[in-house]
Amino acid sequence: HQLLGCTGLLVYGDAWWTTSKLGWTRDTTETMEPDELYTLRAQYWLGHYSMALDEGRQAARRPMAAHLKAEREELVLRAALGLKQYDRVMSEGSSSSNPALRALALHATYLSSAPEARPGVVDNLKALMASPDAASNTSLQLVACHVYLAADMLREALQCVHHGLTMEHLAMCVQIYIRIDRLDLAKQTLDLLKQADEDSILAQLTSAYVGIAGGRSGAEDAVHLLGGLSEQYGPSLMLLNVVASANIVGARYDAAESNLREAVDEFGGAEDADTLVNLVVVMQHLGRKRGDMEKYLSVLKNRCSDHPYVRGLIQVEGALEREGGKYATASA
């Protein structure tokens, strides 16, 4: 794959890493300064979106270089997107001169639009990606990757980040490889991410994803990694769902249910599609009655009809109903 033999620069905060077939090496030609956006990035990556917005407001009061200011603005709008503040993201992003912020506005438009309107949003994103500056704008490429993933356009999503120019690009490559069942490429890309900064939050999160995808033995390591992050930075809706997924893969269904109950009780998971889907899965494994799951299925169908699980469920239920109708007609 092109990523594995590339040479270039990897950007992470104020640090620059050069790549080669021998690995990643830190550029020491310049004096490294403290990473002023470390906390903001950490909070965003771990799903602490409200805390990220607070940190972004505090960071705005501090003087910083232009490229850090631009990154701060991007992270703040990404956190707002995580909180489903679509109107804010569209308002602030659409009028910006920064292409990455305009792409974020398109992402918010996509997520808040009816299914029939979404292809038009994707066309607008493609037009933005066709601009001369797109090839060198790693933030724009990352946002475009997220939009394409939301649209189930995995090939286009991978094309945006496959060069692995930033740590977030590498992390997204890993997630895409997992989705297309290429765990071998996911592990190879994770190795590159670890060579850049093995102790980084992104490397730890991505290691957990690969562990979960690898089955029961890897899921145990994932629970350990995620537990350490939760202890250090606090739990979040996203972290609790990932831990629950690891526990499900590891057949620790009671532990997974505990994670998800905490997500519902403490972090608004009662209206979160992934939390509800994971609850349904856990309850099935625990042998709970259909009636116990029905309230979650009802919320999913009414409020999250565009979620892949719900679309698949409705399709299967419709097929069963049609087949049942055939037998009923034949026996009449």
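This one's a predicted model, so the numbers in the text were calculated from it and none came from an experiment.

Conventions used here
- Residues numbered from 1 in each chain as written.
- Predicted model: local features only at pLDDT ≥ 70, side-chain atom pairs only at ≥ 80, totals over all residues.
- Heavy atoms only, no water.
- Helix = DSSP H or I, 4+ residues; strand = E, 2+ residues; numbered from the N terminus.
- Contact = heavy atoms within 4.5 Å.
- Expected span 1.5 Å × (residues − 1).
- Buried < 20%, exposed > 50% of the residue type's maximum accessible area, 1.4 Å probe, protein only.
- Axes fitted to C-alpha atoms, helices over the stretch in contact; angles between N-to-C directions.
- Parallel < 35°, antiparallel > 145°, perpendicular 65-115°, else oblique.
- Left-handed = near helix turned anticlockwise from the far one by under 90°.
- Nonpolar A, V, L, I, M, F, W, Y, C, P; charged D, E, K, R; others polar.
- Polar contact = N/O pair within 3.5 Å; in protein donor to acceptor, adjacent residues only side chain to side chain.
- Salt bridge = Lys/Arg side-chain N within 4 Å of Asp/Glu carboxyl O.

S.K.: Can you walk me through the side chain of Ser230 in this structure?
M.R.: Mapped onto the secondary structure, Ser230 falls in helix H12 (residues 216-233). Excluding anything up to four places from it in sequence, Ser230 contacts Pro235 and Leu239.

S.K.: Is there a simple way to explain helix H15 (residues 273-285) in this structure?
M.R.: Side chains that are three or four residues apart share a direction in an α-helix, a result of its 3.6 residues per turn. Here H15 spans 19 Å end to end across 13 residues, near enough to the 18 Å set by a 1.5 Å rise per residue. Of all the positions in H15, only Ala273, Thr275, Leu276, Val277, Asn278, Leu279, Val280, Val282 and Met283 are classed as buried.

S.K.: Just to check I follow, could you spell out the packing of helix H6 (residues 118-129) against helix H7 (residues 138-150) for this structure?
M.R.: The geometry of a pair of packed helices is captured by two quantities: the angle between their axes and the separation between those axes. Interaxial distance between H6 and H7 falls to 11 Å at its minimum, and their mutual angle equals 155 degrees. One way to sum up the angle between H6 and H7 is to call them roughly antiparallel. Between H6 and H7 lies a crossing whose hand is left-handed. On H7, the residues that touch Val122, Leu125, Lys126, Leu128 and Met129 of H6 are Leu140, Gln141, Ala144, Val147 and Tyr148. For the contact of H6 with H7, the residue count by class is eight nonpolar, one polar and one charged.

S.K.: Would you mind going over the environment of Arg78 with me for this structure?
M.R.: Within the element layout of this structure, Arg78 appears in helix H3 (residues 66-82). Among the residues examined, Arg78 registers a relative accessible area of 9% and is labelled buried. Sequence separation between Arg78 and Leu101 is 23 residues, and the spatial gap between their C-alpha atoms is 9.1 Å. Leave out the neighbours within four places in its chain, and Arg78 touches Tyr44, Leu104, Leu142, His146 and Glu168. Engagement of the side chain of Arg78 in a polar contact is seen with the side chain of Tyr44, the distance being 3.4 Å.

S.K.: How do you make sense of the pattern of salt bridges when you look at a structure like this?
M.R.: Where charged atoms of side chains with opposite charge meet at close range, the side chains can pair. For the structure on display, the rule yields 17 salt bridges. Residues Glu92 and Arg88 are paired through a salt bridge, measuring 3.0 Å at the closest nitrogen-oxygen approach. Residue Glu92 and its partner Arg88 are located together in helix H4 (residues 86-94), separated by four residues, close to a single helical turn. A residue is classified by how much of its surface remains accessible, and Arg88, at 28% relative accessible area, is partly exposed. As a salt-bridge pair, Arg303 and Glu271 come within 3.3 Å of each other at their nearest N and O atoms. Here Glu271 lies in the loop between helix H14 (253-267) and H15 and Arg303 lies in helix H16 (residues 290-303), a separation of 32 residues in the sequence. The burial state of Arg303 is the same as that of Glu271; both residues are exposed. Here the salt bridges share partners, and the residues they tie into one network are Arg118, Asp152, Arg179, Asp306 and Arg311.

S.K.: How should I be thinking about the packing of H14 against H15 in this particular structure?
M.R.: In the contact formed by H14 and H15, the axes pass within 10 Å of each other and the chain directions differ by 150 degrees. By the angle between their directions, the pair H14 and H15 is classed as roughly antiparallel. H14 and H15 meet at a crossing whose hand is left-handed. Counted together, Tyr253, Ala256, Glu257, Leu260, Arg261, Ala263 and Val264 of H14 and Thr275, Asn278, Leu279, Val282, Met283 and His285 of H15 form the full contact between these two elements. The residue makeup of the contact of H14 with H15, split by class, is eight nonpolar, three polar and two charged.

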